[in-house]
Amino acid sequence: MLLLFMLFPCLPLRRALWVTLPRIAVLSGVVLASLALTRGAAVPSTTPGVPASLPATTATRLAGLLPSTGQVVQIMKLGSRLTAVDLQNRVLEVGGSREALQAVLAVIARGGMPVYDERLGISKAEFGKYLAFQPLLIPTGKTVKLPVTRDASRVTFLDSPALSVLRGLSFDLRTGEVRIPEGFTIKPVSITPSSAPDRTLDIKQAFIWNMKAYNASTQNGVSGQLWLYHLTSGQVVIGYKRMSMIKGIPNDGDLMIAYQR
């Protein structure tokens, strides 16, 4: 059973997953399972169970972002859009046609697929490298009252047909640790988002719980990732993607919700 969790690691939200057109056929599934925070290196991770406890002030900020009783949330999904990464700078650098460049950018702005124009002053192969699919968060239009209990020390997600993936998650408001139904307690990692101008989301704070654990005696295990993003707009996004097993019975799930705090 342990092999199950070694073979199917969860796909996390990453700081950047920019996919050039020649690789779309291979990586399109990864793009739709990832959300870019910034263009650059992937979000750093740590060995499960090893990260140090959050500082008291950071844990307090996290507690303030977790949902309250009766919180109304939107169910979100992942989409993507085509964008030009540094194409304008490159064309201007080589002295390419501004008119051809504007035509390409106009097609992209309309959601279309631009056609290579040799007047750009770069090769067709190089042109393709400057086009990328950028992951996006998209509201599904479905809203749900989040079933949670909250007291001075803990927030616990209860059962709901629409939000069953989150059922049983229980957050310690003092440490930020999350207890999961599989019987494990996971410590959070606080991530410092980039302020790069080409970031996908304007994120103030980010917390990630890396989950990879297995108990042979109970046949309980989990492989996945839980994340919380606090946007500058005040919106909080919580996502959970995991494969799990309780008493030898496998289960998987993937859900994102958003709400205002």
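Quick notes on the rules
- Throughout this description, residue numbers start from 1 for each chain and increase along the sequence as written.
- With pLDDT at 70 or above as the cut-off, local features in this predicted model cover only qualifying residues; side-chain atom pairs require 80 or more to be listed or tallied, and sums for whole chains, interfaces and linings still use all residues.
- Excluded from the side-chain calculations are hydrogens and water; all other atoms, namely the structure's heavy atoms, are used.
- Helix and strand assignments come from DSSP, with helices taken as H or I runs of at least 4 residues and strands as E runs of at least 2, each series counted from the N terminus.
- Here's how the labels work: a residue is buried when its accessible area is under 20% of the maximum for its type, exposed when over 50%, partly exposed in between, all with a 1.4 Å probe on protein chains only.
- We call two residues in contact whenever any of their non-hydrogen atoms come within 4.5 Å of each other.
- The Shrake-Rupley method, run with a 1.4 Å probe sphere, supplies the accessible areas, and residue values consider only the shown protein chains as cover.
- Here the aromatic set is Phe, Tyr and Trp, taking the six-membered ring for Trp, and pairing holds for ring centres within 6.5 Å; pairs whose planes are under 30 degrees apart are stacked, those over 60 apart are edge-to-face, and all others are tilted.
- In this analysis an axis means a line fitted to C-alpha atoms, helices contributing only their contacting stretch, and an angle means the value between N-to-C directions, from 0 to 180 degrees.
- Orientation categories follow fixed angle ranges, with anything under 35 degrees roughly parallel, anything over 145 roughly antiparallel, 65 to 115 roughly perpendicular, and all other angles oblique.
- The pairing criterion for strands is at least two bridges between them, as found by DSSP.
- Throughout this description, the term salt bridge denotes a Lys or Arg side-chain nitrogen within 4 Å of a carboxyl oxygen of Asp or Glu.

### Re the overall build of the protein chain
- Of regular secondary structure, the protein chain possesses 6 helices and 13 strands.
- For the protein chain, buried positions account for 48% of its 261 residues.
- The contacts of the protein chain with a sequence gap of at least 6 include a subset with a gap of at least 24, amounting to 59%.
- Of the accessible surface of the protein chain, which amounts to about 12,900 Å², a share of 54% is contributed by carbon and sulfur atoms.

### Some points on the packing of aromatic side chains
- Evaluation of the coordinates by the stated rule reveals 3 aromatic pairs.
- Between F171 and W209, the ring centres sit 5.5 Å apart and the planes meet at 75°, which makes this aromatic pair edge-to-face. Of this pair, F171 sits in strand β6 (residues 170–172) while W209 sits in strand β10 (residues 203–215), and the two are 38 residues apart along the sequence.
- For F171, a relative accessible area of 2% translates into the label buried.
- Classification of W209 by relative accessible area gives buried; the value is 1%.
- Here a set of aromatic residues connected by ring pairs shows up, and it is made of F157, F171 and W209.

### Comments concerning the packing of helix α4 (residues 87–94) against helix α5 (residues 98–109)
- With their axes 10 Å apart at the nearest point, α4 and α5 run at an angle of 170° to one another. On the basis of their axis angle, the class for α4 and α5 is roughly antiparallel. Counting all contacts with α4, which are made through L87, Q88, V91 and L92, the residues of α5 involved are R98, L101, V104 and L105.

### Focus on the pairing of β10
- Strand direction decides the pairing type here: strand β9 (residues 189–191) and β10, joined by 3 bridges, are antiparallel. The partner of V189 across the bridge, within β10, is I208.
- When β10 meets strand β11 (residues 220–231), the two strands line up antiparallel, connected through 12 bridges. In the sheet register, A206 faces β11, and the bridge partner there is Y229.
- Hairpin remark: β10 followed by β11, antiparallel, with 4 residues in the connecting loop; positive phi at Q219, about 55°.

### Overview of the environment of S164
- On the secondary structure map, S164 appears in the loop between β5 (154–157) and β6.
- In the structure, S164 is positioned 91 residues away from L255 in sequence and 9.0 Å away in space, judged by C-alpha atoms.

### Overview of the pattern of salt bridges
- If you walk through the whole model with that rule in mind, you get 7 salt bridges.
- Its salt-bridge partner being R167, residue D159 comes within 3.2 Å of it at the nearest N-O pair.
- The salt bridge partner of D254 is K241, with a shortest N-O separation of 3.4 Å. Linking D254 in strand β13 (residues 249–260) with K241 in strand β12 (residues 235–246), this pair joins segments that are 13 residues apart in sequence.
- Owing to a relative accessible area of 48%, D254 belongs among the partly exposed residues under this scheme.
- K241 sits in the partly exposed class, given a relative accessible area of 22%.
- Salt bridges linked by common partners bring R90, E93 and E126 together as one network.

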